[in-house]
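# Residue-level structural notes
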Amino acid sequence: MIAQSSNMFQQKYPITGYMLWIGRGGSVTPAHYDQQHVFLCQVHGYKRILLFDPAQYSSLYAFPCHHAHDRQSQLIDFSEPNLAKFPEFKNAKAKEAIIGPGDVIFIPAYWWHHVSSLPSSSFSSSSSSLSSP
């Protein structure tokens, strides 16, 4: 039954990409959004993920389209943001998740996410799908 359900899921939501993320504690992936859905699977260590609804786009100061950092926020340090330069960031409301070994988090397409490894080393993998769940 599980194998049959797994096959049906894969047919409906085909995986379009895989990534492997290895880093030491304190590593940060700056805020960005992906154009496909992502399943982030934590294998070792812990990560803190801040998720922002796509409606908060203007509060996250995306680089312009076709810029080298397209789909990324111009804000680098979320712990001490420059509110003089990015005043609308004060209106951004994040949902926070801490994931550890064995945890999987679903990040919907176009949702902004800022990811940081917590004190120890971290190992995770992600897979993406262009289809809507």
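Refer to the preceding data block for the structure.
In short, a report on the structure. (Residues numbered from 1 in each chain as written. Predicted model: local features only at pLDDT ≥ 70, side-chain atom pairs only at ≥ 80, totals over all residues. Heavy atoms only, no water.)

Counting its secondary structure elements, the chain contains one helix and eight strands. The long-range share in the chain, meaning contacts at least 24 apart out of those at least 6 apart in sequence, stands at 87%. With an accessible surface of roughly 8200 Å², the chain has 58% of that area assigned to carbon and sulfur atoms. (Helix = DSSP H or I, 4+ residues; strand = E, 2+ residues; numbered from the N terminus. Contact = heavy atoms within 4.5 Å. Areas by Shrake-Rupley, 256 points an atom, 1.4 Å probe, with all protein chains shown as cover.)

For the rest of this paragraph, the subject is the nonpolar core. By size, the foremost hydrophobic cluster in this structure holds 13 residues, and its most contacted members are Phe-52, Leu-60, Leu-75, Phe-78, Phe-89 and Trp-112. Contacts of Leu-75, omitting those with residues within four sequence positions, involve Ser-59, Leu-60, Tyr-61, Pro-81, Phe-86 and Phe-89. In terms of nonpolar packing, the next biggest core, distinct from the first, is built from 10 residues, Leu-40, Ala-97, Ile-99 and Ile-107 among them. (Core = buried A, V, L, I, M, F, W, Y, C linked by side-chain atoms within 4.5 Å. Buried < 20%, exposed > 50% of the residue type's maximum accessible area, 1.4 Å probe, protein only.)

With that out of the way, let us pick up the sheet that holds strand β4 (residues 47-52). Taken in spatial order, the four strands line up as β2-β7-β4-β5 in an open sheet, and their pairing is antiparallel. The outermost strands of the open sheet, each flanked by one partner alone, are β2 (28-32) and β5 (95-99). Neighbour-to-neighbour, the strand axes of this sheet turn through a mean angle of 15 degrees, independent of strand direction. Taken together, the five bridges between β4 and β5 define a ladder with antiparallel strand orientation. The residue bridging Ile-49 from the neighbouring strand is Ala-97, located in β5. (Pairing = 2+ DSSP bridges. Axes fitted to C-alpha atoms, helices over the stretch in contact; angles between N-to-C directions.)

Function-wise, these values are silent; they only describe arrangement.
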